[in-house]
Amino acid sequence: MGFHGLHKALLPILIAASLLVLPSTLATDIKYCDNSDYAVKVKDVDISPNPVVSGKVAKFRIAASTEKVISGGNLKIGVSYYGVPIHSENHDLCKETSCPVTGGDFVLSHEQTLPGFTPPGPYTLKMRLYAKDGRQLTCITFDFKIKRGSTLSDS
């Protein structure tokens, strides 16, 4: 798999970084992109395992809330490695959570397996959520790490 293939493989993992997690995982610090009063408030991002292990399934869970109904939209994800943008991707909101999103709490969940050759180190994920009409509903960034998986098989 070439450089382009690595980018394609990393995106879903990074999205997963914002999704389904086990209770024993560490919470991830999130930052809003600016001082905007977003319609969607992100409460928590959990990543499991944390750090993510190359060659293994990573689960991401983003807990959020909104006061308005969201009938659909899209997620724009960007991933940076050591501060250098390496991948971007768009996802249908309704494939990451149940639609319509009614007022109140909701969760975006994803899981992905990173290729075993994914370089270890610090990554940053930027997630922007847009409504169907193009309004930006939220924008967050968070850091996560990837570590190299074991070359031995798990027994």
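Analysis parameters
- Residues numbered from 1 in each chain as written.
- Predicted model: local features only at pLDDT ≥ 70, side-chain atom pairs only at ≥ 80, totals over all residues.
- Heavy atoms only, no water.
- Helix = DSSP H or I, 4+ residues; strand = E, 2+ residues; numbered from the N terminus.
- Buried < 20%, exposed > 50% of the residue type's maximum accessible area, 1.4 Å probe, protein only.
- Contact = heavy atoms within 4.5 Å.
- Areas by Shrake-Rupley, 256 points an atom, 1.4 Å probe, with all protein chains shown as cover.
- Phe/Tyr/Trp six-rings, centres within 6.5 Å; stacked < 30°, edge-to-face > 60°.
- Lys NZ or Arg CZ within 6 Å of the ring centre and 35° of its normal.
- Salt bridge = Lys/Arg side-chain N within 4 Å of Asp/Glu carboxyl O.
- Polar contact = N/O pair within 3.5 Å; in protein donor to acceptor, adjacent residues only side chain to side chain.
- Core = buried A, V, L, I, M, F, W, Y, C linked by side-chain atoms within 4.5 Å.

Brief notes about the overall build of the protein
Here is step 1: Scanning the protein from terminus to terminus reveals two helices and 10 strands.
Here is step 2: The order of helices and strands in the protein, counted from the N terminus, is α-β-β-β-β-β-β-β-α-β-β-β.
Here is step 3: For the protein, with 155 residues in total, the buried portion stands at 46%.
Here is step 4: The long-range fraction of contacts in the protein, counting pairs at least 24 apart against all pairs at least 6 apart in sequence, stands at 69%.
Here is step 5: Surface exposure of the protein reaches about 8200 Å², of which carbon and sulfur atoms provide 53%.

Quick notes on the packing of aromatic side chains
The relative placement of two aromatic rings is captured by the distance of their centres and the angle of their planes.
Here is step 1: Applying the stated criterion across every chain yields a total of six aromatic pairs.
Here is step 2: Measuring from ring centre to ring centre gives 5.6 Å for Tyr123 and Phe144, while their planes differ by 20°; the resulting arrangement is stacked. One end of the pair, Tyr123, is in strand S9 (residues 121–131); the other, Phe144, is in strand S10 (residues 136–147), with 21 residues separating them in the sequence. Summarising the burial analysis for this pair, Tyr123 and Phe144 share the class buried.
Here is step 3: Taken together, the ring pairs connect Phe60, Tyr81, Tyr82, Tyr123, Phe142 and Phe144 into an aromatic cluster.
Here is step 4: Above the face of the Tyr130 ring, Lys76 is positioned so that its terminal group lies 5.3 Å from the ring centre.

Side note on the pattern of salt bridges
Here is step 1: Applying the stated rule across the entire model yields four salt bridges.
Here is step 2: The shortest N-O distance in the salt bridge between Lys43 and Asp105 comes to 2.5 Å. Residue Lys43 is found in strand S3 (residues 40–48), and its partner Asp105 is found in strand S8 (residues 104–113); the two are separated by 62 residues along the sequence.
Here is step 3: The closest approach of N and O atoms between Asp133 and Arg135, which form a salt bridge, is 2.9 Å.
Here is step 4: Arg135 sits in the partly exposed class, given a relative accessible area of 46%.

Side note on the environment of Gly121
Here is step 1: When you line up the elements, Gly121 lands in strand S9.
Here is step 2: Judged by its relative accessible area of 15%, Gly121 falls in the buried class.
Here is step 3: For the pair formed by Gly121 and Lys145, sequence separation is 24 residues and the distance between their alpha carbons is 5.5 Å.
Here is step 4: The contacts of Gly121, once residues within four sequence positions are left out, are Tyr81, Tyr82, Phe144, Lys145 and Ile146.

Remarks on the side chain of Thr138
Here is step 1: Locating Thr138 in the fold gives a position in strand S10.
Here is step 2: Among the polar contacts listed, one links the side chain of Thr138 to the backbone oxygen of Val40, at a separation of 3.0 Å.
Here is step 3: Excluding residues within four positions of it along the chain, Thr138 makes contact with Tyr32, Tyr38, Val40, Val42, Met127, Arg128 and Leu129.

A look at the nonpolar core
Here is step 1: Among the nonpolar cores identified, the biggest contains 29 residues, and Val52, Met127 and Phe144 are the most heavily contacted of them.
Here is step 2: Every element with two or more residues in this core is listed here: S3, strand S5 (57–66), strand S6 (73–81), S8, S9 and S10.
Here is step 3: If we ignore the near neighbours within four places in the chain, the residues touching Met127 are Ile62, Leu75, Lys76, Ile77, Leu108, Thr138, Cys139 and Ile140.

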